[in-house]
Amino acid sequence: MQAMPTDVVRELVATAHAAAATGLVVGTVGNVSARIGDHFLISASGTRFDSLSPAQLCELDCDGNVVAGTLRPSSETGLHRAIYRSRAEAGAILHTHAPWSTALACVLDELPCIHYQMLALGGAVRVAPYRCFGTDELAAVTLAALEGRRAALMSNHGAIVFAESPAAAFEAMQVLEFACRVYWRAAQLGMPRVLDPQQWQEVAAQVQRLGYGVTHPRRGRGR
Ligand SMILES: [Zn+2]
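Here goes a summary of the coordinates provided. Just so we're clear, the structure is a prediction, and the values are computed from it rather than from any experiment. (Residues numbered from 1 in each chain as written. Predicted model: local features only at pLDDT ≥ 70, side-chain atom pairs only at ≥ 80, totals over all residues.)

## Re the overall build of the chain
Right, so step 1: Of the regular secondary structure elements, the chain holds six helices and nine strands.
Right, so step 2: Compactness check: the chain gives a C-alpha radius of gyration of 17 Å against a globular reference of 17 Å for 223 residues, within 12% of the reference.
Right, so step 3: Each principal axis of the C-alpha atoms in the chain carries an extent, and together these give about 55 × 40 × 30 Å.
Right, so step 4: For the chain, with 223 residues in total, the buried portion stands at 43%.
Right, so step 5: Here the analysis covers contacts within the chain between residues at least 6 apart in sequence; of these, 67% occur between residues at least 24 apart. (Helix = DSSP H or I, 4+ residues; strand = E, 2+ residues; numbered from the N terminus. Rg over C-alpha atoms; globule rule 2.2 N^0.38 Å. Buried ≥ 20, exposed ≤ 12 C-beta atoms within 10 Å, placed from the backbone. Contact = placed C-beta atoms within 7 Å.)

And the structure:
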């Protein structure tokens, strides 16, 4: 067994703790991973996010073989692997059963683009049809829902995002949960307005002009 890269381990552990502290993950229902070369690190099955430790991470090669770590990898390892294989830009993945995201995933077919922060997710967020957890079928429908996007809801299950790093994936999940919460509240009052393609392009141009990283807004600069 080889040693895992300490900086990635530290970031994954910090991301798990942050996801638990902010209510995105309760108990053991979530998984987080990060790509390292053609391998990836992923949380072990049944681990609590609020107390996740480096010993509860597994390193897998691109064929899904465990090359470091002593525990069984997350039941959604196949889903993470499918994303890393097909999306070169994915550096880290976070899957949760965050309450607002999961609630809307029980009702909507797609979360419309109702807020400009959703640019970080690639726009409107599709809801993948329900399939049993931990299956190749779930991985396939979720991958399809992620086409051209960095986030997807999973019907009657939860949410998944990917980004360049674990910290960025955590921020993306926060944006998704925020958008779901806002949509739900707005829908109590009427039909939420949706940003049109022109407004969308305007936001993209403004982000470019001001040099904002969409998933990593510069600290101390309000938007
Ligand atoms: Zn799940």
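From this point, things continue past the structure.
## Description of the environment of alanine 179
Right, so step 1: Mapped onto the secondary structure, alanine 179 falls in helix H5 (residues 166-189).
Right, so step 2: Of the residues examined, alanine 179 has 25 C-beta atoms within 10 Å and is grouped as buried.
Right, so step 3: In this structure, the C-alpha to C-alpha distance between alanine 179 and aspartate 38, residues 141 residues apart in sequence, is 33 Å.
Right, so step 4: Not counting chain neighbours up to four residues away, the residues in contact with alanine 179 comprise Leu111, Ile114, His115, Gln117 and Met118.

## Quick word on the environment of leucine 153
Right, so step 1: Note that leucine 153 resides in strand E8 (residues 151-154).
Right, so step 2: A tally of 29 C-beta atoms within 10 Å means that leucine 153 is categorised as buried.
Right, so step 3: Separated by 51 residues in sequence, leucine 153 and threonine 102 have C-alpha atoms that sit 7.4 Å apart.

## Digging into the packing of helix H1 (residues 6-21) against H5
Right, so step 1: The N-to-C vectors of H1 and H5 enclose an angle of 20°; their axes lie 9 Å apart at closest approach. As judged from the angle between their axes, H1 and H5 are roughly parallel. Between H1 and H5 lies a crossing of right-handed hand. Contacts between H1 and H5 pair Glu11, Leu12, Thr15, Ala18 and Ala19 from the former with Pro166, Ala167, Ala169, Phe170 and Met173 from the latter. (Axes fitted to C-alpha atoms, helices over the stretch in contact; angles between N-to-C directions. Parallel < 35°, antiparallel > 145°, perpendicular 65-115°, else oblique. Left-handed = near helix turned anticlockwise from the far one by under 90°.)

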